[in-house]
Amino acid sequence: MILRLILGDQLNPLHSWFREVREDVVYALFESGEELRYAPHHRQKMLAFLHGIQQFAHHLRQSGHRVEYWTLDDPRQQGSLRANLEALKHELSSGTDLEIEYQEPDEYRVDQALQGIGTCVPSEHFLTERGTLATHFAGKKTYLMESFYRAMRVRHGVLLDASGQPEGGTWNFDSDNRASWDPKQHVPAEWRAHHDVREIDARLDRHEIPRWGDALADDFPWPCDRSESLALLNHFIQFGLPLFGRYQDALAEGQDFLFHSRISFALNTKMLHPREVIEAAETAWRHDPETYPLPAVEGFIRQILGWREYVRGIYWAQMPEYAELNYFNHQRPLPDWMYTGKTQMRCMQVAVGQSLRAAYAHHIQRLMVVGNFALLAGFDPRELDAWYLGIYIDALEWVEMPNTRGMSQYADGGIVGTNPYVSSGAYIHKQGNHCANCAYSVTEKVGARACPFNALYWHFYARNRPLLERNPRVGMVYRTWDKMKPDHREALLEHAEFNLLNINKL
Ligand code: FAD
Ligand code: SF4
């Protein structure tokens with residue numbers, strides 16, 4: 001007899017496990033108090049995961065498989081995944097030999113917890129092995145995403161012409177993909193699923209599982225099974241992909257999703273396979289290149305074939321040490337408004353407020369609004385990591401941590417990014433229309449109305465000069481700083497200090 005564990009982020013009905021129905025195989029799915037409590041998560045994130053598990057258990061039963069699905073209420077509950085699995089093994093195995101199998105976990109913590117319990121099999125989800133990235137960069141000091149991405153394009157034959165060269169004559173169309181927001185632009189209607197998750201919510205209440213973020217307004221918008229995930233993907237390809245590239249970096253008032261796909265939850269729970277997503281985008285372009293411009297398609301594919309596989313490789317190459325990195329030794333606790341959205345900085349108010357309301361912010365909000373401010377202000381990366389891991393619907397440590405510590409906070413000292421992603425208010429102003437609705441003035445550098453990003457930008461570079469000055473991508477910033485009049489430099493630093501002292505009131 002075989003007992004197979006399915007984790008909450010392994011809801012893939014196409015896994016080879018399910019090709020045949022076997023009487024001697026039992027599938028186990030658990031709601032685990034330990035998993036739900038190890039970090040405080042957004043309400044909607046918990047509901048999405050638990051509803052996804054419930055739907056998957058139902059799907060397997062309908063398909064004829066033997067399933068053990070333990071909710072938090074199950075009297076046999078032991079709390080942790082491992083203890084539940086051992087208890088179930090004991091229950092099923094009386095007198096029979098019983099093997100345990102589990103799919104390769106993506107989280108280091110879960111991987112450790114399950115060591116030695118049974119046979120680990122591939123999850124059949126990613127386009128690389130855990131160790132591929134480390135092998136690709138063996139002997140190199142830096143891990144350049146672009147070089148990895150090009151190798152992935154060749155290896156998987158994606159967007160290549162007949163001679164194996166990149167379609168369109170270049171590997172990367174990023175320079176075509178940076179338009180600022182045009183408020184007259186029509187944004188497609190959102191795709192939404194409808195689920196009743198009140199029973200799960202009540203169960204979480206009964207078990208006093210700590211959670212944060214806004215409760216659901218009415219229905220539940222995330223896809224919770226494969227057919228809904230495919231519907232969301234199709235909706236994106238039809239309505240979002242054509243303008244994905246152009247507005248990929250845009251910031252807009254009143255628009256939560258713009259032309260972003262929102263498929264990260266479906267991908268990270270394995271309801272969608274990255275290969276089918278990439279194929280859907282490439283096929284759309286090959287059939288109708290006028291509707292689907294190559295820069296949009298290449299930009300989208302790069303996020304999945306490049307960035308997503310790359311950050312996973314970084315995670316497995318660097319864990320567990322990665323979780324301790326704090327290059328700038330930043331220690332500042334997060335201000336209260338990171339948990340309420342009540343700040344006068346309009347860009348932060350929108351990004352944090354939307355994250356609390358919808359458990360979602362798009363990439364440029366995560367990187368160049370919230371992450372940017374966090375790095376300028378010197379937030380403690382451990383607390384910031386917990387914030388990102390908790391708040392976003394798609395947040396799993398393997399993808400959240402390299403993005404937060406690495407790309408966003410440069411806390412890894414440059415493993416992921418060649419230089420810190422920071423900007424003054426000017427970048428945020430250029431990319432969208434938040435500044436027009438802000439209590440602060442983006443053009444002022446010091447004084448009560450000055451945009452806080454402006455002085456903090458210089459404070460960040462000044463205080464971290466010994467760590468950054470020799471970085472060739474940063475040198476220009478110090479040349480500009482050195483050319484400023486000393487009293488202007490002094491005023492900027494003083495104003496930044498004042499803001500940091502009063503950070504809860506910004
Ligand atoms: P789209 O903009 O439509 O992009 C398509 C897909 O590309 C995404 O669904 C995602 O699977 C992939 N992708 C895009 N950028 C990245 C990236 N940098 N790393 C990995 N995959 C990427 N993504 C997560 O899935 N989980 C996280 O916990 C997470 N935390 C982040 C934290 C920070 C500080 C930053 C800067 C980025 C983070 N990202 C994370 C990456 C990215 O912001 C999200 O994948 C994206 O916003 C999800 O929305 P979408 O599906 O609409 O993406
Ligand atoms: Fe953000 Fe500054 Fe613009 Fe206000 S003025 S929205 S704080 S960038």
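Residues numbered from 1 in each chain as written. Chains lettered and ligands numbered in written order. Predicted model: local features only at pLDDT ≥ 70, side-chain atom pairs only at ≥ 80, totals over all residues. Heavy atoms only, no water.

Draft legend 1. How the structure looks around the packing of aromatic side chains. Inspection of the entire model under this criterion finds 36 aromatic pairs. Seen in terms of ring centroids, Tyr457 and Tyr461 are 5.2 Å apart; in terms of plane orientation they differ by 75°. Their pairing is edge-to-face. Of the two residues, Tyr457 and Tyr461 both sit in helix H17 (residues 452-463), four residues apart, roughly one turn of that helix. The buried category is assigned to Tyr461, whose relative accessible area is 5%. Three or more aromatic residues joined by ring pairs form one cluster here, namely Tyr327, Phe328, Tyr410, Tyr457, Trp458, Phe460, Tyr461, Tyr478 and Trp481. Above the plane of the ring of Phe126 lies Arg312, whose end atom (NZ or CZ) is 3.8 Å from the centre. (Phe/Tyr/Trp six-rings, centres within 6.5 Å; stacked < 30°, edge-to-face > 60°. Helix = DSSP H or I, 4+ residues; strand = E, 2+ residues; numbered from the N terminus. Buried < 20%, exposed > 50% of the residue type's maximum accessible area, 1.4 Å probe, protein only. Lys NZ or Arg CZ within 6 Å of the ring centre and 35° of its normal.)

Draft legend 2. Spotlight on the site of ligand 2. Around ligand 2, the neighbouring residues are Met345, Arg346, Cys347, Gly425, Ile428, His434, Cys435, Cys438, Tyr440, Val442, Cys451 and Phe453. Elements that contribute at least two residues to the shell around ligand 2 include exactly helix H12 (346-358) and helix H16 (425-431). Along the lines of polarity and charge, the residues of the shell around ligand 2 split into nine nonpolar, two polar and one charged. (Near = heavy atom within 4 Å. Nonpolar A, V, L, I, M, F, W, Y, C, P; charged D, E, K, R; others polar.)

Draft legend 3. Local environment of the pattern of salt bridges. Within the structure shown, the criterion is met by 35 salt bridges. A salt bridge links Glu86 to Arg82, with the shortest nitrogen-to-oxygen separation between them at 3.5 Å. One end of the pair, Glu86, and the other, Arg82, are both in helix H3 (residues 81-92), four residues apart, so they sit about a helical turn from each other. Among the residues examined, Glu86 registers a relative accessible area of 40% and is labelled partly exposed. Relative accessible area serves as the criterion here: at 27%, Arg82 is assigned to the partly exposed category. (Salt bridge = Lys/Arg side-chain N within 4 Å of Asp/Glu carboxyl O.)

Nothing here speaks to function; it is geometry throughout.
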